[in-house]
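Examination of the molecular architecture
The primary structure of each chain is shown beneath.
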Amino acid sequence: SGMQSHLRYICIEQTDIDALREVRDIVEQNADAFIEHFYAHLKSFEGTMAHLRDEHLVRKLLTAQREYLRSIFEANFDEAYYQHRRMIGQTHFRIGLEFRWYIGAYVLYLDFFVPLFERQFANDLPLLSRIQSAFRKATLLDMSIVLEAYHEGDKSALEASQAQVLHQEKLAAVGLLASGLAHEIGNPLASIQAICDNQLRKSTDPLVSEKFHRIRDQVVRITGIVRQLVGFARPMPATWSPVNINDTIESALAIAKLSRSAKDVGVELRLDPQLPRPVGVLDQLSQVFLNLFLNAFDALPNEGGSLKIRTYFRSAPPQARPDTLSQQPGAPVPEVVIEIQDNGCGMNEEELTKLFTPFFTTKEVGKGTGLGLHVCDGIVKRHKGTISVKSTSGNGSVFTVMLPMNPTVSTEGKLSA
């Protein structure tokens, strides 16, 4: 198993396990002091402080840290231990916590407990040597498992980036084709529209006029669809500017409705007409909404499918979004909120935990790459926002995108908080 290979190359043996268990009581007696020291250190760095503004979350983390500390010295190095450490690494990789944070954390462990053990076992140097060696091995064990999870995350992210580049190249090719298509059919469409306009000016028969109106309306619709396809497929520079979210949603929805799965779907739009414009990259946000709409259409039943899209503005307390903004505690966080609700097949708890993981998909083989939501998550994070989902199997899903209003654009055109 994965755990056995780690134990072998770090050379953890039964004598090490026994040595760790020898100091369990000492560790327990000093656990509160260490955790207080540990979190005081974390709060001295902006990168980790951003994750510690929610008091309820901090309490949970304090409890989890105590259990984590205890588990090191319980030394039950089994498969459950291995999977727990991997889960920690995967979670912290996903939220963007750098691996160097782990190195600093284990330095704290060593700096705190090694002197403690030295004082306690000063009269038994052989035992002290075994305890110190075992403790170093245990910290290296945890670091190696977490590093493995980070390495796999980096590999998946690289594969996702490469796949996204290929996807962008395909979109560029589609853009060229769509541009050519727009040019080739533009003149015939313009001719048909001119003929319709001419007949509408001449005709006095209401029935004839109605037919030409219908023809003209469909020509205008075809022209608009082609224009939208060209706009979506054409590569655009990452220019940061205020984005009209409502217009972006309506444009993305118009393209999504061309999907075969969008037929007979009831769409309800509740877009706040006074919605402010957050700073963002229009092309990237369009990609987020288009992907979410297409996923929703795919999840809907063949009959009775409904999609509700709502936008609104709010000032949320910072603890509701501890991983996104560098705010002082108590300061409101003005943000634009986009909710996309469907009555589709929904997802179970296991699927929800993997939803934003690269290459994970709930769709049938050949119908999804598993990259869409991972890319959406990355785009929203680059906008200093969040994307979340609530869903139960068989009862539909609600995706919520939150975009802050206070990021600014630097002179290089990049986002800065």
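Below is a summary of the structure that appears in this document. (Residues numbered from 1 in each chain as written. Predicted model: local features only at pLDDT ≥ 70, side-chain atom pairs only at ≥ 80, totals over all residues. Heavy atoms only, no water.)

With that out of the way, let us pick up the side chain of Asn246. Inspection of the secondary structure assignment puts Asn246 in helix α11 (residues 245-256). Here Asn246 falls in the buried class, since its relative accessible area comes to 11%. For Asn246, the side chain forms a polar contact with the side chain of Thr311, separated by 3.0 Å. Excluding residues within four positions of it along the chain, Asn246 makes contact with Leu271, Asp272, Pro273, Leu275 and Thr311. (Helix = DSSP H or I, 4+ residues; strand = E, 2+ residues; numbered from the N terminus. Buried < 20%, exposed > 50% of the residue type's maximum accessible area, 1.4 Å probe, protein only. Polar contact = N/O pair within 3.5 Å; in protein donor to acceptor, adjacent residues only side chain to side chain. Contact = heavy atoms within 4.5 Å.)

Overall, the coordinates contain 13 salt bridges when judged by the stated rule. Salt-bridge contacts for Glu28 lead to Arg66; the nearest nitrogen and oxygen are separated by 2.8 Å. Placement of Glu28 in helix α3 (residues 24-29) and of Arg66 in helix α6 (residues 55-74) is noted, with a sequence separation of 38 residues between them. A salt bridge links Arg70 to Glu67, with the nearest nitrogen and oxygen atoms 2.5 Å apart. Placement of the pair is Arg70 and Glu67 together in helix α6, with a separation of 3 residues, close to one helical turn. On the basis of relative accessible area, Glu67 is assigned to the partly exposed category, the value being 43%. Bridged by salt links that share partners, the residues Glu28, Asp32, Arg66, Glu67 and Arg70 form one connected network. (Salt bridge = Lys/Arg side-chain N within 4 Å of Asp/Glu carboxyl O.)

Another aspect to go through is the packing of helix α4 (residues 31-42) against helix α8 (residues 100-120). One can describe the packing of α4 onto α8 by two numbers: an axis separation of 11 Å at closest approach and a directional angle of 145°. Considering the relative orientation of α4 and α8, their crossing is right-handed. In this structure, α4 uses Ala33, Phe34, His37, Phe38, His41 and Leu42 to contact α8, whose residues at the interface are Trp101, Ala105, Leu108, Tyr109, Phe112 and Phe113. In terms of residue class, the contact of α4 with α8 is made up of 10 nonpolar, 2 polar and no charged. (Axes fitted to C-alpha atoms, helices over the stretch in contact; angles between N-to-C directions. Left-handed = near helix turned anticlockwise from the far one by under 90°. Nonpolar A, V, L, I, M, F, W, Y, C, P; charged D, E, K, R; others polar.)

Here we come to the side chain of Ser397. With respect to the helices, strands and loops of the structure, Ser397 is situated in strand β7 (residues 397-404). Using a relative accessible area of 4% as the deciding quantity, one classes Ser397 as buried. A distance of 2.8 Å separates polar atoms of two side chains, one belonging to Ser397 and the other to Ser391. When near neighbours in sequence (up to four residues on either side) are disregarded, Ser397 contacts Ile340, Gln341, Asp342, Gly346, Met347, Val389, Lys390 and Ser391.

Under the counting rule described, the total for this entry stands at 16 aromatic pairs. With centroids separated by 5.6 Å and ring planes inclined at 35°, the aromatic side chains of Phe34 and Phe38 adopt a geometry described as tilted. On the criterion of helical spacing, the pair formed by Phe34 and Phe38 is a turn pair, its members being 4 residues apart in helix α4. Judged by its relative accessible area of 1%, Phe38 is buried. Each ring, one from Phe38 and one from Tyr39, has its centre 5.5 Å from the other, and the planes form 75°; the classification is edge-to-face. (Phe/Tyr/Trp six-rings, centres within 6.5 Å; stacked < 30°, edge-to-face > 60°.)

The next thing to look at is helix α12 (residues 282-299). Between its terminal C-alpha atoms α12 stretches 26 Å, which fits the 26 Å expected from 18 residues at 1.5 Å a residue. The element α12 is extensively covered by neighbouring structure, given that 14 of its 18 residues are classed as buried. (Expected span 1.5 Å × (residues − 1).)

Let's shift gears to the pairing of strand β6 (residues 386-391). Pairing of β6 with β7 involves 6 bridges; the strand directions are antiparallel. Bridging from a neighbouring strand, Lys390 pairs with Val398 of β7. In this structure, the hairpin formed by β6 and β7 is closed by a connection of 5 residues, where Gly394 is found at a positive phi of approximately 85°. (Pairing = 2+ DSSP bridges.)

In this section: the environment of Tyr102. Assignment of secondary structure puts Tyr102 in helix α8. Among the residues examined, Tyr102 registers a relative accessible area of 3% and is labelled buried. Separated by 44 residues in the primary sequence, Tyr102 and Val146 have C-alpha atoms spaced 8.5 Å apart. Among residues more than four places away in sequence, those in contact with Tyr102 are Ile88, Gly89, His92, Val146 and Tyr150.

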